[in-house]
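Fold and geometry: a report
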Amino acid sequence: MDQSNNNGYLNPAYVGSPNASTISIPGAYKSNGNGATNSEIATAKELANSRKASAARAGAEEQEKQGEAAGAEAGAGEEDAEQGVKRDGWNNDIEFLMSCIALSVGLGNVWRFPFIALENGGGAFLIPYLIVLILVGKPVYYLEMLLGQFSSRGSVKVYDCVPIMRGIGYGQVLATGIVTTYYATLMAITLRYFVESFYPTLPWSYCREEWGPNCLDSAPQPVSDVIGTATTVRTTSAEYYFTHIVLREKASIDDGIGYPSWVLAVGLAVSWTIIAAIMFKGVKSSGKASYFLALFPYVIMIILLVRALTLPGASDGVLYFLKPQWHKLLEPQVWYAAVTQVFFSLAICFGNIVMYSSYNRFGHNIYRDANIVTTLDTFTSLLSGIIIFGILGNLAYENNTSDISSVVNGGPGLAFISYPDAIAKFKVVPQVFSVLFFLMLFVLGIGSNVGMVSVLTTVLKDQFVKIKQWHIVIFITIIGYSLGLLYITPGGQFVLNLLDFFGATFVALVLAIFELLAIGWVYGVKRVCRDVEFMLGRKTSIYYRLCWGFITPLVMFVILVYMLVLYEPLKYKDYTYQSGVYVFGWCLSAFGVGQLLFWAIPAVRSQPAELSLCRRILKAFEPTSSWGPADPATHKRYRLYMEQANDSTMFQRTGIWHKIYDNVFG
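Every value quoted in this text rests on a predicted model; they were computed, and no experiment measured them.

Definitions and cut-offs
Residues numbered from 1 in each chain as written. Predicted model: local features only at pLDDT ≥ 70, side-chain atom pairs only at ≥ 80, totals over all residues. Heavy atoms only, no water. Helix = DSSP H or I, 4+ residues; strand = E, 2+ residues; numbered from the N terminus. Buried < 20%, exposed > 50% of the residue type's maximum accessible area, 1.4 Å probe, protein only. Areas by Shrake-Rupley, 256 points an atom, 1.4 Å probe, with all protein chains shown as cover. Disulfide = S-S within 2.5 Å. Contact = heavy atoms within 4.5 Å. pLDDT = per-residue confidence, 0-100. Axes fitted to C-alpha atoms, helices over the stretch in contact; angles between N-to-C directions. Parallel < 35°, antiparallel > 145°, perpendicular 65-115°, else oblique. Left-handed = near helix turned anticlockwise from the far one by under 90°. Nonpolar A, V, L, I, M, F, W, Y, C, P; charged D, E, K, R; others polar. Expected span 1.5 Å × (residues − 1). Patch = residues over 30% accessible without salt bridge, like charges linked within 9 Å, V, L, I, M, F, W, Y side chains within 5 Å. Salt bridge = Lys/Arg side-chain N within 4 Å of Asp/Glu carboxyl O.

In this section: the overall build of the protein. Each helix and strand in the protein was counted, giving 23 helices and 4 strands. When each of the 666 residues of the protein is scored for burial, the buried share is 57%. Total accessible area computed for the protein in this model is approximately 28,400 Å², and 64% of it derives from carbon and sulfur atoms.

In structure tokens, the structure reads:
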């Protein structure tokens, strides 16, 4: 077997290995096309005969070094490793890539990005967006892929590398669970619009009598009518339809949130049924569905792109979208918008990426996949912007105006107000556009939702190994559907707005900073780079080292401070919540962030009892003995590899500045 990797240098994992035939080099993990790896074929008999002996020797070595307490911990580590061997995996490598695309490319790309760009400088927004993508998006995405694949652990157990920080994983699971419950309700609304797109007349294109004289049909209007009412502020029928018929929205929730809509309840049941069917067998079934969930939306996007660019006035809309407003670059709000767009569009720091990559085979080329997904995510956002503003350019052309911004409104209801309004204005078969658009939204949403539900199922499956996958899926489906009914009441959007900020956005942002500090400075950038070299045979570039160590945590911290400095009491439209609601919101945020403390206490208490409290706390910052590759043979080589690496650094200087330098550049 070739003992060097693709870069031509000797893999450190081979040096001093007691068994060269089972060496951990990238080529040893390449699939032969039948699901088995070259290493498995070459060494299957040997591994089968030596696995128990290797595990016993590892336990013996641990007892010699750490005594009986540490020996017991090593035994637990071996049990975890055996569980890792039984862990499910993707049917093939491409399923992982397709699943990541389906997860990261979602509603945020299609309807949020174009309008965030419009509000923050048009083409000039692309500059901070791309800068933030390079400094935050790509490094964090790659880092989370590395952690998941290297350890074969989900978003909670991955913190075995820093046990005292395990609360980060639980807090992220809480944030993901909240997003999952309301995300499914968006799919229910999308499904309703999709079904109603088949009506001979789009139901949101015309006004009802009870809406009064201030309602303006979303359907094309005679020029004389538009001119005659130009001085009157009127609301489109698409907005009335969404708020009065679909949501049945109340002016306030002071007297309660009301009862769920039975139509949306049916749509919510359909959405959860589809999610459950895809998740029924875990990644084995969701991986197969990922091809459709990832690729089909692009088919529709291409159809919409061709049609949008052939409309009269489309070029004016596209130029408006891409035209820079350079003075916007000096506004902090633009950079804040860029960070939040990248953060939530790629779904980083929610546990999704760690979870998906944990099902990879050891040695899979995630460096390539991380670059593909982050690049494709940006490309999709730009593509969506061109499609949307091509359509808006046509609407401006038909209304005899050059002001593109006058034909669309921003806000949280963009997908269900502005787009339906724009679609209704097409003079020729608007139903075709409507069917394609809402089908695309539904597929994109399901792909993202499957990823979020997978985080929850993985955490439960890792914790309760003997429970069957489909039992967990049904349990989450029932809970998710029950909680989702809250959001389809007349006051549901008030609840959604509240939980989205206090339970998801704020919690995820704070925990993201702790995640970067835990991995970059407690576990250490230096050790991450060693793990990468052991797993992939690839040296980590200075770009990733600087981002993981300094740039990305600093950017995230500045964004958090900026958000807190400019914080104003949360509102939904013009409604201000009661003071008790804000108390509940901050308590929810405190509960999410407080998971750090909740789980730090048992991490300290689980350390050897004979140690002092200070020593137990310090030891809780060290990786558990089971941390590393899940396969016992690979784990044994990893321990040997780390011992050799530690021996080579015994006589280095110990000054604080040298430690900082060595952590990032060592």
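So much for the structure itself; the text now carries on.
A few words now on the state of the cysteines. Evaluation of the coordinates by the stated rule reveals 1 disulfide. Covalently, Cys207 is tied to Cys215 through a disulfide, its sulfur atoms 2.0 Å apart. Between Cys207 and Cys215, the disulfide has an S-S torsion of -90° and is therefore left-handed.

Attention now goes to the environment of Asn394. Within the secondary structure, Asn394 sits in helix H13 (residues 366-398). Through-space distance from the C-alpha of Asn394 to that of Leu309 is 9.2 Å; in sequence the pair is 85 residues apart. With near-sequence residues (within four places) excluded, Asn394 lies in contact with Leu311, Pro312, Gly313, Ala314 and Phe426.

Our focus in this paragraph is the side chain of Ser152. Its place among the elements puts Ser152 in the loop between helix H4 (126-151) and helix H5 (167-196). Residue classification places Ser152 among the buried positions, given a relative accessible area of 17%.

Let's shift gears to unusual backbone geometry. Positive phi, normally seen in glycine, also occurs at Arg248, with a value near 55°. Along the chain, Arg248 falls in the loop between helix H7 (237-246) and helix H8 (262-279). According to the relative accessible area criterion, Arg248 is partly exposed, its value standing at 31%.

Looking at the protein, pLDDT values average 83 and 83% of them are 70 or higher. In this model residues 1-85 is a low-confidence stretch, pLDDT under 50, and it forms 113 contacts with partners more than four residues away in sequence or in other chains. Across residues 226-231, confidence stays below pLDDT 50; counting only partners more than four residues off in sequence or on other chains, it has 3 contacts.

The next thing to look at is the packing of H4 against helix H11 (residues 332-345). Contact geometry of H4 with H11 gives a least axis separation of 9 Å together with a crossing angle of 50°. When the interaxial angle is binned, H4 and H11 end up oblique. Handedness of the crossing formed by H4 with H11: right-handed. Counted together, Pro128, Tyr129, Ile131, Val132, Leu133 and Gly137 of H4 and Val334, Trp335, Ala338, Val339, Gln341 and Val342 of H11 form the full contact between these two elements. Here the residues of the contact of H4 with H11 sort into 10 nonpolar, 2 polar and no charged.

Tracing the chain through its elements places His364 in the loop between helix H12 (352-357) and H13. If near-sequence neighbours (up to four positions away) are discounted, His364 is found in contact with Asp93, Phe96, Gln149, Asp369 and Leu536.

Now for helix H15 (residues 430-463). Look at H15: 50 Å from first C-alpha to last across 34 residues, which is about the 50 Å you get at 1.5 Å a residue. Counting buried positions over the 34 residues of H15 gives 29, a clear majority of the element.

On to H11, then. In a regular helix each residue adds 1.5 Å, so 14 residues correspond to 20 Å; H11 covers 20 Å between its end C-alpha atoms and thus fits that length. Among the residues making up H11, those that are buried are Val334, Tyr336, Ala337, Ala338, Val339, Thr340, Gln341, Val342, Phe343 and Ser345. The inward-facing, buried residues of H11 contact helix H2 (93-104), helix H3 (107-119), H4, H13, helix H17 (492-536) and helix H18 (542-565). At the exit of H11 stands Ala347, carrying a positive phi of roughly 60°.

Take a nonpolar patch on the surface next. Nonpolar side chains collect at one region of the surface, where Leu517, Trp521, Ile542, Phe550, Tyr661 and Phe665 lie side by side and expose about 540 Å² of accessible area between them. Counting residues per element, the ones that place at least two in the nonpolar patch are H17, H18 and helix H23 (656-665). In this fold, Ile542 is placed in helix H18.

Looking at the secondary structure, you find Ala269 in helix H8. Sequence separation between Ala269 and Ser482 is 213 residues; the distance between their C-alpha atoms is 9.8 Å.

As for its position among the elements, Ser626 is in the loop between helix H21 (613-619) and helix H22 (632-647). Judged by its relative accessible area of 10%, Ser626 falls in the buried class. The spacing of Ser626 and Asp160 is 466 residues in sequence and 7.9 Å in space, taken between C-alpha atoms.

What follows deals with the pattern of salt bridges. Counted under the stated rule, the structure contains 11 salt bridges. The residue Arg153 makes a salt bridge to Asp160 at a minimum N-O spacing of 3.0 Å. Both residues of the pair, Arg153 and Asp160, belong to the buried class. A salt bridge links Lys539 to Glu533, with the nearest nitrogen and oxygen atoms 3.2 Å apart. Since its relative accessible area comes to 53%, Lys539 is described here as exposed. Taken together, the salt bridges that share partners define one network made up of Arg153, Asp160 and Arg166.

Attention shifts here to the packing of H17 against H23. Running from N to C, H17 and H23 cross one another at 60°; their axes reach a closest spacing of 6 Å. The orientation of H17 with respect to H23, classified from their angle, is oblique. For the pair formed by H17 and H23, the contact residues are Gly520, Trp521, Gly524, Val525 and Lys526 on the first element and Ile660, Asp662, Asn663 and Val664 on the second. When grouped by side-chain class, the residues that make up the contact of H17 with H23 number 4 nonpolar, 3 polar and 2 charged.

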